[in-house]
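One-letter residues, chain by chain:
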Amino acid sequence: MKREPAVLLILAVIITFTAASCCLFGSGKTDDSRDVTPTEYKIAVINMELNDTSDSLHDRQIINASSTNPEIIDLTLTSGVGSLAYILNNPYDALADGATYDECIITPLYIEMELEIAFHVPSSADETGYNLIFSADGDESQTLVRFYFNPDPDHDYWRRDIAIYLSGIEDGTGTPVAAYPDGWYWLRRVIEPGADTDFFILAEDDAASFSPTHPASGIGPESIIDQFDNSVFWGAEEDYDDATHETVIDTYNDVGGLNASWDDFTFHTGYTISCTPIITNTLNFWYETDASKMSATMASDLDVIDLGPDYDDPSVSGNEEKYGDWGFHPFMPSFTNDSTAP
């Protein structure tokens, strides 16, 4: 498993501090960031390791899975099948007696959260008037969102992708729309005149009978809304669909800024491990604080995530319109761990 050099972490911290300083001391700033808490938090894991940084002979692989069949961990649970505690007590490799495990390395396929979301589109979008498009407070909905960290070639998801689960889509007359079956969707980044006008792009329907090619990358109308920008963490854009370039979350070297940390514990054979994940404020995003600068009425509750494309006519200067929030950055939970004698 590849390890990033420590110097990259230092560089990332410097860059983050510099960016923060610009925001704090710049003038005319009208946007802000917000942390919100999901109602569900799961992580699909390809591999997981626990390491004893004082003795590498104690290092152990906890999960050995694949992108086609990842291990799903429910981080809203503290015990029972599906919880991280259950995984730690039933590891792929037996833990070492006397080891102090102070580092966790996870190779995630995706993080899945249930979040309160409001959808917005310009009048030129295909989805205008559909039942899930926001018009007033109360139109929000709890929506499953997947944040991909490694590619899933079976369904052509790439690292940095965001996919949302939609169901029961109806047009303005209350009629189900055949072009929008229940399933997972990408979100178009920009709608332009003369280009595709669908905001929701079907990625995978429930019948698993539809698996399209991934939309093109770039900043224009063929691009999709994706996760936070960090080239040190994600690697080169041309490798986003290449599973041989592995993205890991390392609590000892958090180059992705995921607030990844691990509460160390000392294990002895026969002991029981407990693990309590805290998922509070594990998603960050940016939003516009000046309502006059948004092209749609946003939800008044700032904990609601507003999702929508930009609208832009390239032939007209200065006509860009914004319909949603941006800069989506999931965090890892914090963990309280212990190992107790029987």
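Residues numbered from 1 in each chain as written. Predicted model: local features only at pLDDT ≥ 70, side-chain atom pairs only at ≥ 80, totals over all residues. Heavy atoms only, no water.

1. Focus on the overall build of the chain
Okay, so step 1: For the chain, the count of helices and strands is 3 helices and 20 strands.
Okay, so step 2: Taking 342 residues into account, the globule formula puts the C-alpha radius of gyration at 20 Å, and the chain, at 21 Å, falls close to it.
Okay, so step 3: The principal-axis extent of the C-alpha atoms belonging to the chain is close to 65 × 50 × 35 Å.
Okay, so step 4: Expressed as a percentage of its 342 residues, the buried residues of the chain come to 47%.
Okay, so step 5: Across the chain, contacts joining residues at least 24 apart in sequence account for 73% of those joining residues at least 6 apart.
Okay, so step 6: Surface summary for the chain: the accessible area is close to 15600 Å², and the carbon and sulfur share equals 50%.
Okay, so step 7: Side-chain charges of the chain comprise 13 positive and 61 negative groups, with the mean position of each set lying 4 Å from the other. (Helix = DSSP H or I, 4+ residues; strand = E, 2+ residues; numbered from the N terminus. Rg over C-alpha atoms; globule rule 2.2 N^0.38 Å. Buried < 20%, exposed > 50% of the residue type's maximum accessible area, 1.4 Å probe, protein only. Contact = heavy atoms within 4.5 Å. Areas by Shrake-Rupley, 256 points an atom, 1.4 Å probe, with all protein chains shown as cover. Lys, Arg positive; Asp, Glu negative; His and termini not counted. Charge placed at Lys NZ, Arg CZ, Asp CG, Glu CD.)

2. Side note on unusual backbone geometry
Okay, so step 1: Notably, Arg-160 is not glycine yet its phi reads approximately 80°, a positive angle.
Okay, so step 2: Inspection of the secondary structure puts Arg-160 in the loop between strand 7 (141–148) and strand 8 (162–166).
Okay, so step 3: One non-glycine residue, Asn-259, lies in positive phi territory at about 55°.
Okay, so step 4: With respect to the helices and strands, Asn-259 occurs in the loop between strand 12 (249–250) and strand 13 (265–266).

3. Concerning the sheet that holds strand 1 (residues 31–36)
Okay, so step 1: Strand order in the open sheet formed by 3 strands is 1-15-19, with antiparallel pairing between adjacent strands. The sheet terminates laterally at strand 1 and strand 19 (326–330), the two strands that pair on one side only. Neighbour to neighbour, the strand axes of the sheet diverge by 20° on average, direction disregarded.
Okay, so step 2: For strand 15 (residues 283–288) and strand 19, the ladder comprises 3 bridges, and the chain directions are antiparallel. If you follow Trp-286 over to strand 19, its bridge partner there is Trp-326. (Pairing = 2+ DSSP bridges. Axes fitted to C-alpha atoms, helices over the stretch in contact; angles between N-to-C directions.)

4. Overview of the sheet that holds strand 10 (residues 190–191)
Okay, so step 1: Spatial ordering of the open sheet is given by 10-17-18, a layout of 3 strands whose pairing is mixed. Here the strands that pair on one side only, and so sit at the sheet edges, are strand 10 and strand 18 (321–322).

5. Quick look at the packing of aromatic side chains
Okay, so step 1: Throughout the structure, instances matching the rule amount to 17 aromatic pairs.
Okay, so step 2: Look at Trp-262 and Phe-335: their rings are 5.2 Å apart centre to centre, the planes differ by 55°, and that puts the pair in the tilted class. Taken together, the positions of Trp-262 in the loop between strand 12 and strand 13 and Phe-335 in strand 20 (residues 334–340) put the pair 73 residues apart, joining distant regions of the chain. Residues Trp-262 and Phe-335 agree in their burial class; the two are buried.
Okay, so step 3: Connected via pairs of aromatic rings, a cluster forms that spans Phe-119, Tyr-130, Tyr-180, Tyr-185, Phe-199 and Phe-200. (Phe/Tyr/Trp six-rings, centres within 6.5 Å; stacked < 30°, edge-to-face > 60°.)

6. Quick look at the side chain of Asn-47
Okay, so step 1: Position of Asn-47 relative to the elements: it lies in strand 2 (residues 40–51).
Okay, so step 2: When its relative accessible area of 13% is taken as the criterion, Asn-47 is described as buried.
Okay, so step 3: A polar contact of 2.7 Å, which involves the side chain of Asn-47, links it to the side chain of Gln-61. (Polar contact = N/O pair within 3.5 Å; in protein donor to acceptor, adjacent residues only side chain to side chain.)

7. Concerning the environment of Asn-89
Okay, so step 1: Take Asn-89: it is sitting in helix 2 (residues 84–89).
Okay, so step 2: A sequence separation of 27 residues divides Asn-89 from Glu-116, and the C-alpha atoms of the two residues are 33 Å apart.
Okay, so step 3: With residues near it in sequence (within four places) discarded, Asn-89 still touches Tyr-271, Thr-272 and Ile-273.
Okay, so step 4: At 2.7 Å, the side chain of Asn-89 and the backbone oxygen of Ile-273 are in polar contact.

8. Topic: the pattern of salt bridges
Oppositely charged side chains can pair when the atoms bearing their charge come close.
Okay, so step 1: Scanning all chains against the criterion turns up 9 salt bridges.
Okay, so step 2: Residues Asp-226 and Arg-160 are paired through a salt bridge, measuring 3.4 Å at the closest nitrogen-oxygen approach. Of this pair, Asp-226 sits in the loop between strand 11 (200–205) and helix 3 (231–234) while Arg-160 sits in the loop between strand 7 and strand 8, and the two are 66 residues apart along the sequence. Grouping residues by exposure puts Asp-226 and Arg-160 together as buried.
Okay, so step 3: The salt bridge involving Arg-188 is made with Asp-196; its shortest N-O contact spans 3.9 Å.
Okay, so step 4: Each of the salt bridges in this network shares a partner with another, and the network as a whole consists of Arg-160, Arg-189, Asp-226 and Asp-229. (Salt bridge = Lys/Arg side-chain N within 4 Å of Asp/Glu carboxyl O.)

9. Section: the environment of Asp-35
Okay, so step 1: You can see Asp-35 is positioned in strand 1.
Okay, so step 2: Taking the relative accessible area as the measure of exposure, Asp-35 reaches 35% and is therefore partly exposed.
Okay, so step 3: For the pair Asp-35 and Thr-280, spaced 245 residues apart in sequence, the C-alpha to C-alpha distance is 8.7 Å.
Okay, so step 4: A polar atom in the side chain of Asp-35 sits 2.8 Å from the side chain of Asn-284.

10. Things to note about the nonpolar core
Soluble globular proteins: nonpolar side chains tend toward being buried together.
Okay, so step 1: If you look at the biggest cluster of nonpolar residues, it comprises 71 residues, and the most contacted ones within it are Met-48, Leu-50, Leu-84, Phe-119, Phe-200 and Met-332.
Okay, so step 2: Residue contributions to this core peak at 7 residues, all from strand 6 (residues 103–119).
Okay, so step 3: Once you skip the residues sitting within four places of it in the chain, Leu-84 turns out to touch Met-48, Ile-73, Leu-75, Trp-262, Cys-275 and Phe-335.
Okay, so step 4: Ala-44, Tyr-157, Trp-184 and Ile-224 belong to the second largest nonpolar core, which has 12 residues in total. (Core = buried A, V, L, I, M, F, W, Y, C linked by side-chain atoms within 4.5 Å.)

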